[in-house]
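Structure at a glance
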Amino acid sequence: TTKLDYNKVLANQENDVHLVSRIDAPELQSDERKPVAFTICLDRSSSMEMERKFDYALEACVGVVKNLRADDLFSLVTFDSEVEVVLPLEKIEDKQRVCEIIKSLSTRGMTYLSGGWEQAKDELLKAEPGMLKRMLLLSDGVANRGIRDHRELITLVGDGLRDHGIRTSCLGFGDHYQEDLLSDMATHSTGNFYDVDSKEKLPIVFAAELEGALRISVENLRVRIKTEEQCESWDDFGGMRKTILDDGRTELLIGDLVSEEVRSFALELKVHSADSGSIGRLISMDFVYDLVGEDGSVPTSEERMIEISFVNNPEDVQLDDTLLAIITTQRTSKTIRKAIEKIDQGEEREAIEFLRGELKKL
């Protein structure tokens, strides 16, 4: 469903409106999930030794192995100053032996996060075409070798989803990891982000990653957007991967949705002025995805044309306040990301002023 916060705006002036799309994934009819290719990308750098982070990470690895099914594929890649394939991608026949190998690992060196992710990607690419590919990145997120730039790292995992269908979920350990980096890496690959400060949280992660998040009923959802005559410009709140298509449309990558999942996103739109009584087209949207059924996936698409009306009477301009929670939450997330970027660049005073200005807008 698609809704504007204002279906009517004042005529003969420019206006700003928001569009909220809500996506309801259908219930998956089959009770059995597909086999999955699952790779753990484990940070074993020296910084993981503090606060028992590495102990929790090893427990997470063992928990994943114990929850694998016989037809799943598994691999383990570690990274510090170097990258190592500890366990190549294959079916696990002796879980006890694999768990013993995991428990024998220790910390060392620096944090070559991008190299670890790239090697884990290569392991997943050994799986058969069409097989679900999932990566679990366990780290404190302090990249100090290879690619270190925040935007380059999130682009790396976003390309992994777009080009290879690899969904990366991230576990952040301890109290001092780079939450914004791991959270954005998960978001840009439509994975999940987990803050792990105790081992009691780990079973929840296993359930989400190996059962709940693998009961996919909508695969590879993309939204293709074209600006129409009444829209001056539009933008999202920065949480999704954008690609400009050959036909000029912009594609937003939503990713996979699990059975009965509900996901929403909001767009900001600047509306050209128009005369009272007129109705104008803002944007056209094409939702493209694969619908999963008992006999496989079916390519599906749904089209929406978003229109707006122009009036003279201010009393006719009514807010749909059922959309405020989604708009405000996503605007706030964008604000926090920008403030963190300023702080990371040493611009603390500018970050505070920026936050004050955004609070006034909210």
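Refer to the structure printed above.
Residues numbered from 1 in each chain as written. Predicted model: local features only at pLDDT ≥ 70, side-chain atom pairs only at ≥ 80, totals over all residues. Heavy atoms only, no water.

This paragraph deals with the sheet that holds strand S15 (residues 279-293). Pairing in this open sheet of six strands is mixed, and the strands run S2-S16-S15-S10-S13-S12 from one edge to the other. Two strands bound the open sheet, and with one partner strand each, they are strand S2 (8-10) and strand S12 (241-244). Within the sheet, the average angular offset between the axes of one strand and its neighbour, ignoring direction, is 25°. Where strand S10 (residues 216-227) meets strand S13 (residues 250-258), seven bridges bridge the pair, whose relative direction is antiparallel. (Pairing = 2+ DSSP bridges. Helix = DSSP H or I, 4+ residues; strand = E, 2+ residues; numbered from the N terminus. Axes fitted to C-alpha atoms, helices over the stretch in contact; angles between N-to-C directions.)

Strand order in the open sheet formed by four strands is S1-S3-S14-S11, and the pairing between neighbours is antiparallel. What marks the edges here is a single partner per strand, and that holds for strand S1 (2-4) and strand S11 (231-236). Taken pair by pair, the neighbouring strands of this sheet meet at an average axis angle of 25°, ignoring direction. Judged from the five bridges that link them, S11 and strand S14 (residues 262-271) form a sheet pairing that is antiparallel. Residue pairing in the sheet places Ser233 in a bridge with Lys270 of S14. Sheet contacts for helix H7 (residues 324-344): strand S3 (15-24), S11 and S14; angle to S14, the most-contacted strand, approximately 80°. (Contact = heavy atoms within 4.5 Å.)

To continue, consider the packing of helix H4 (residues 150-164) against helix H5 (residues 179-188). The interhelical angle for the contact between H4 and H5, taken along N-to-C directions, is 25°, at an axis separation of 8 Å. Here H4 is positioned roughly parallel relative to H5, judged by the angle of their axes. Here the hand of the crossing between H4 and H5 comes out right-handed. Of the residues in H5, those in contact with His150, Leu153, Ile154, Val157, Gly158 and Leu161 of H4 are Asp180, Leu181, Asp184, Met185 and His188. (Parallel < 35°, antiparallel > 145°, perpendicular 65-115°, else oblique. Left-handed = near helix turned anticlockwise from the far one by under 90°.)

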